[in-house]
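# A closer look at the structure
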Amino acid sequence: MAGSFSGHVRRVTVTLFVLQLALLPMMAIASDADPEQDFCVADPNNPTIVNGLVCKNPALVKASDFMFHGLATPGNTNDPLGSSVTPAAAAQFPGINTLGISMARLDFAKGGLVPPHTHPRATEIIFVVEGSLLVGFVSTNGTLFATTLQKGDVFVFPRGLLHFELNVCDGTATAIAALNSQNPGTQIQAVALFNSGISEVVLEKAFGLGEQAVQKIEYAVEAANKKP
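Being a predicted model, the structure only gives us computed values, none of them experimental. (Residues numbered from 1 in each chain as written. Predicted model: local features only at pLDDT ≥ 70, side-chain atom pairs only at ≥ 80, totals over all residues. Heavy atoms only, no water.)

## Considerations on the overall build of the protein chain
Tallying secondary structure elements over the protein chain gives 4 helices and 10 strands in all. Listed by position from the N terminus, the elements making up the protein chain come as α-β-β-β-β-β-β-β-β-β-β-α-α-α. Looking at the 228 residues of the protein chain, the share that counts as buried comes to 31%. Of the roughly 14000 Å² that the protein chain leaves accessible, carbon and sulfur atoms contribute 62%. (Helix = DSSP H or I, 4+ residues; strand = E, 2+ residues; numbered from the N terminus. Buried < 20%, exposed > 50% of the residue type's maximum accessible area, 1.4 Å probe, protein only. Areas by Shrake-Rupley, 256 points an atom, 1.4 Å probe, with all protein chains shown as cover.)

Below you can see the structure in the form of structure tokens.
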């Protein structure tokens, strides 16, 4: 009896070990890869296509490659959504290439909105510099987690989940975001659904809408997301 139980335990242990080995590749790609050198300043002029950005020759790297001035200037909020996002990802800030981080500045006119969107490769945390923001995200079971942030508050949006930010104060608002990817990616849900070329038949069935209603939404989404 004891021998049978001991053999069962060994089989379970071996099974768990094999399962862990099988999951290692998935764990390895769960976030941005760790850098294999001190830095890899992006070379925007290199035409080579890789999973990320090609490194500049280290002999040509300067201190200025690790500096970015873009977040010092307010973005232009003169658009239908009344908001502006200024990214500081690897494409704009070469020094953070391969380091697994990025930032963004969010500016809002009165009533301005950063519409529901996702970052497929990053968790985002925001800090309210000025104003008041209604923020929230939706979990994969459809639960909304929303609250109003005041100046100095911090809020986190889990990786890949739909989220938004709306200015609810009487004036302008500003926030700074940090993300754990040098290329977090952004997909605005309304644009992805109604301005990407998805068949209107698919949209009609998915949302229970008629053809004219879908076309009206397509036109409205296109107009709302036009930048000046």
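## Here we look at the sheet that holds strand β8 (residues 162-167)
Strand pairs in the sheet, formed through backbone hydrogen bonds, run parallel or antiparallel to each other. Taken in spatial order, the 5 strands of this open sheet run β6-β5-β8-β3-β10, and their pairing is antiparallel. One side of each edge strand has no neighbouring strand; the edge strands of this open sheet are β6 (144-149) and β10 (187-188). Sheet topology places strand β5 (residues 133-138) next to β6; 6 bridges connect them, and they run antiparallel. Of the residues in β6, the one forming a bridge with glycine 136 is alanine 146. (Pairing = 2+ DSSP bridges.)

## Some points on the state of the cysteines
Where two cysteines share a covalent bond between their sulfur atoms, that bond is called a disulfide. By the definition in use, this model includes 1 disulfide. Covalent S-S linkage joins cysteine 40 and cysteine 55, the inter-sulfur distance amounting to 1.7 Å. Residues cysteine 40 and cysteine 55 are joined by a disulfide whose S-S torsion is about -100 degrees; by sign, that bridge is left-handed. Here cysteine 40 is found in the loop between α1 (2-28) and β1 (83-88), whereas its partner cysteine 55 is found in the loop between α1 and β1, with 15 residues between them in sequence. Judged by relative accessible area, which is 2%, cysteine 40 ranks as buried. Among the residues examined, cysteine 55 registers a relative accessible area of 36% and is labelled partly exposed. (Disulfide = S-S within 2.5 Å.)

## What to know about the layout of surface pockets
Space inside the largest pocket adds up to approximately 640 Å³. Taken together, 25 residues make up the lining of the largest pocket; nearest its centre are Asp32, Ala33, Asn51, Gly52 and Gln182. Split into classes, the residues belonging to the lining of the largest pocket amount to 10 nonpolar, 10 polar and 5 charged. Around the second largest pocket, the lining comprises 25 residues; the ones closest to its centre are Val85, Val114, His117, His119 and Thr186. Put simply, the parts of the chain that give the lining of the second largest pocket at least two residues each are β1, β2 (102-108), β3 (113-118) and β9 (173-179). Taken together, the residues of the lining of the second largest pocket break down into 13 nonpolar, 9 polar and 3 charged. (1 Å grid on protein atoms, 1.4 Å probe; cavity = no way out; pocket = protein on both sides within 12 Å on 5 of 7 lines; lining within 4 Å. Points joined across faces, edges and corners; volume = space filled by probe spheres on them. Nonpolar A, V, L, I, M, F, W, Y, C, P; charged D, E, K, R; others polar.)

## Focus: the packing of aromatic side chains
Scanning all chains against the criterion turns up 6 aromatic pairs. Between phenylalanine 194 and phenylalanine 207 the ring centres are 5.5 Å apart and the planes differ by 35 degrees, which places this aromatic pair in the tilted class. Of this pair, phenylalanine 194 sits in helix α2 (residues 189-194) while phenylalanine 207 sits in helix α3 (residues 200-207); the two residues are 13 residues apart in sequence, bridging distant segments of the chain. By relative accessible area, which is 10% here, phenylalanine 194 ends up buried. Counting every residue linked through ring pairs, the aromatic cluster contains Phe137, Phe145, Phe155 and Phe157. (Phe/Tyr/Trp six-rings, centres within 6.5 Å; stacked < 30°, edge-to-face > 60°.)

## Looking at the nonpolar core
Core analysis: the largest hydrophobic core is formed by 17 residues, its most contacted members being Leu106, Ile126, Leu133, Val135 and Phe155. Looking at this core, the elements that each hand over two or more residues are β2, β4 (124-130), β5, β7 (154-157) and β9. With residues near it in sequence (within four places) discarded, leucine 106 still touches Ser84, Val85, Val114, Glu165, Ala173, Thr174, Ala175 and Ala177. One finds Ala88, Ala90, Phe93 and Ile96 within the second-largest nonpolar core, a separate group that totals 5 residues. (Core = buried A, V, L, I, M, F, W, Y, C linked by side-chain atoms within 4.5 Å. Contact = heavy atoms within 4.5 Å.)

Any functional reading would require information that these geometric values do not contain.
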